[in-house]
Amino acid sequence: TSLISEASNSVAIDFIKELNEGKIRFNGYLFGVEYLMINRHGQNEDPTLKMSFYKTDFFTFRVFAKLYQELRNRFVIKEINDLNSVPAFLCSFGIGCFIIATDDIEDYLIIAHRGNGVIVDKDRYHYSMNEAFSLMDIDIYGNISFTSCLFRGLREELGLNENYRKQIVDYGFLDVDIMLNRFEMGISCYAKIKFDNSFTMEKFKELYNAAQDKELETIELEIIAMSKLRNFIKDHEPQFSVGCINGLKSLLSRYESNYI
């Protein structure tokens, strides 16, 4: 209890310091991971992962992130059940999206360059869009939804609102990951967008520059031809965030195998 109290006070001081520095901070509600279960489904016994979530908030996430750094030597994580024994520390879940854009001649990856105003992965290449799974992410039936989170992130961080929905021609979810250096979980995904005469690369950049949360997360976008992506990764790997580079290698393998 005293450790939690000390961490809470420390995070509160950090919040005040960051606000005084002009950084934007708010204590929004988030989903934490309560339980995970691996199973098989159907005649083909396709692997499945069932996840249940609990309600938490950004301040609590920061508190347990600080606690984890103090206690991480006591954590031994070798399998799913080990995660199920420490749900309080899994008090956030993120969606990391890679944008693949096509003009029918070439496919391009659009990745983001993180700014210095973010908490982690400052000044790194990162997912095109990275959004925390929150209580806002509800589908039309009232169920929590990764897809709703994906499209909210595309709208708030990249400006791709409902008017441009038809330009998003495909999307899918890829890998569930946990970064043990920060003890954060998330799922990677991709979205394909199509350029045409009315929706050009220049228009996309305009939408990004005007997006609601652009200034909170990123400072610019990097556009790389998919045919040159493997060499780009080789030349710039230290400049990527850890979560992004692992997800990107997985995405590229699927892309080159025509699964995406």
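Residues numbered from 1 in each chain as written. Predicted model: local features only at pLDDT ≥ 70, side-chain atom pairs only at ≥ 80, totals over all residues. Heavy atoms only, no water.

Quick word on the overall build of the chain
Regarding its fold elements, the chain presents eight helices and nine strands. The C-alpha extent of the chain, read off along each of the three principal axes, is 60 × 55 × 45 Å. A buried classification covers 45% of the 260 residues belonging to the chain. A fraction of 66% describes how many contacts in the chain between residues 6 or more apart in sequence connect residues 24 or more apart. In the structure as shown, the chain presents an accessible area of about 14,200 Å², 49% of it carried by carbon and sulfur atoms. Taking the 29 positively charged and 38 negatively charged side chains of the chain as two groups, their mean positions are separated by 2 Å. (Helix = DSSP H or I, 4+ residues; strand = E, 2+ residues; numbered from the N terminus. Buried < 20%, exposed > 50% of the residue type's maximum accessible area, 1.4 Å probe, protein only. Contact = heavy atoms within 4.5 Å. Areas by Shrake-Rupley, 256 points an atom, 1.4 Å probe, with all protein chains shown as cover. Lys, Arg positive; Asp, Glu negative; His and termini not counted. Charge placed at Lys NZ, Arg CZ, Asp CG, Glu CD.)

Description of the pairing of strand S3 (residues 93-102)
Most of S3 is tucked away, with ten of its ten residues classed as buried. The side-chain alternation of S3 yields two buried faces, one formed by Phe-93, Ile-95, Cys-97, Ile-99 and Ala-101 and the other by Gly-94, Gly-96, Phe-98, Ile-100 and Thr-102. Sheet topology places S3 next to strand S8 (residues 184-194); ten bridges connect them, and they run parallel. Residue pairing across strands places Gly-96 opposite Ser-188, the latter belonging to S8. Taken together, the four bridges between S3 and strand S6 (residues 129-132) define a ladder with antiparallel strand orientation. (Pairing = 2+ DSSP bridges.)

A few points about the pairing of strand S7 (residues 168-179)
Where S7 and S8 come together, nine bridges link them in antiparallel fashion. By the bridge assignment for S8, Met-179 is matched with Glu-184. As consecutive antiparallel partners, S7 and S8 are separated by four residues, and within that stretch Phe-183 has a phi angle of approximately 60 degrees, a positive value.

Overview of the side chain of Glu-131
Mapped onto the fold, Glu-131 is located in strand S6. Those residues within four positions of Glu-131 in sequence are excluded, and the remaining contacts are Phe-93, Gly-94, Ile-95, Cys-149, Arg-152, Gly-153, Glu-156 and Glu-157.

As for the packing of aromatic side chains
Following the criterion strictly, the structure yields 25 aromatic pairs and no others. When the centroid spacing of 5.0 Å and the interplanar angle of 80 degrees are considered together, the rings of Tyr-68 and Phe-75 count as edge-to-face. Using a relative accessible area of 4% as the deciding quantity, one classes Tyr-68 as buried. Relative to Phe-183, the ring of Phe-75 lies with its centre 5.3 Å away and its plane at 65 degrees, an arrangement referred to as edge-to-face. On the criterion of sequence distance, the pair formed by Phe-75 in the loop between helix H2 (58-71) and helix H3 (80-84) and Phe-183 in the loop between S7 and S8 is long-range, its members being 108 residues apart. In textbook terms, an aromatic cluster arises when at least three aromatic residues are bridged by ring pairs, as seen for Phe-31, Phe-53, Phe-93, Phe-133, Phe-146 and Phe-173. The cationic tip of Lys-55 hangs over the ring face of Tyr-29; the distance from NZ or CZ to the ring centre is 4.2 Å. Looking at Arg-165, its charged tip hangs above the ring of Phe-151, at a distance of 3.6 Å from the centre. (Phe/Tyr/Trp six-rings, centres within 6.5 Å; stacked < 30°, edge-to-face > 60°. Lys NZ or Arg CZ within 6 Å of the ring centre and 35° of its normal.)

Focus: the nonpolar core
Core analysis: the biggest nonpolar cluster contains 53 residues, and Phe-89, Phe-93, Leu-154, Leu-158, Leu-160, Ile-193 and Phe-204 have the highest contact counts within it. Residue contributions to this core peak at seven residues, all from H2. Beyond its immediate chain neighbours, meaning those up to four positions away, Ile-193 contacts Ile-99, Ile-100, Ala-101, Thr-102, Ile-110, Leu-160, Gln-167, Ile-168, Phe-199 and Phe-204. By size, the runner-up hydrophobic cluster in this structure holds 21 residues, among which are Leu-109, Tyr-127, Met-226 and Ile-245. (Core = buried A, V, L, I, M, F, W, Y, C linked by side-chain atoms within 4.5 Å.)

Things to note about the packing of helix H7 (residues 229-236) against helix H8 (residues 242-256)
Helix packing for two helices is described by the angle between their axes and how far apart those axes are. It is the contact of H7 with H8, at a shortest axis distance of 11 Å, that shows an interaxial angle of 160 degrees. If you check the angle between H7 and H8, you find them roughly antiparallel. For the crossing formed where H7 meets H8, the hand is left-handed. Residues Leu-229, Arg-230 and Ile-233 of H7 form the contact with H8, whose participating residues are Ile-245, Leu-248, Lys-249, Leu-252, Ser-253 and Glu-256. Classifying every residue of the contact of H7 with H8 by side-chain character gives five nonpolar, one polar and three charged. (Axes fitted to C-alpha atoms, helices over the stretch in contact; angles between N-to-C directions. Parallel < 35°, antiparallel > 145°, perpendicular 65-115°, else oblique. Left-handed = near helix turned anticlockwise from the far one by under 90°. Nonpolar A, V, L, I, M, F, W, Y, C, P; charged D, E, K, R; others polar.)

A word on the packing of helix H1 (residues 2-20) against H2
The N-to-C vectors of H1 and H2 enclose an angle of 120 degrees; their axes lie 9 Å apart at closest approach. Between H1 and H2, the crossing angle belongs to the class labelled oblique. With respect to the hand of their crossing, H1 and H2 are arranged in right-handed fashion. Listed contacts from H2 to Leu-3, Ile-4, Ala-7, Ser-8, Ser-10, Val-11, Ala-12, Asp-14, Phe-15 and Glu-18 of H1 are Phe-58, Phe-59, Arg-62, Val-63, Phe-64, Lys-66, Leu-67, Glu-70 and Leu-71. In terms of residue class, the contact of H1 with H2 is built from twelve nonpolar, two polar and five charged.

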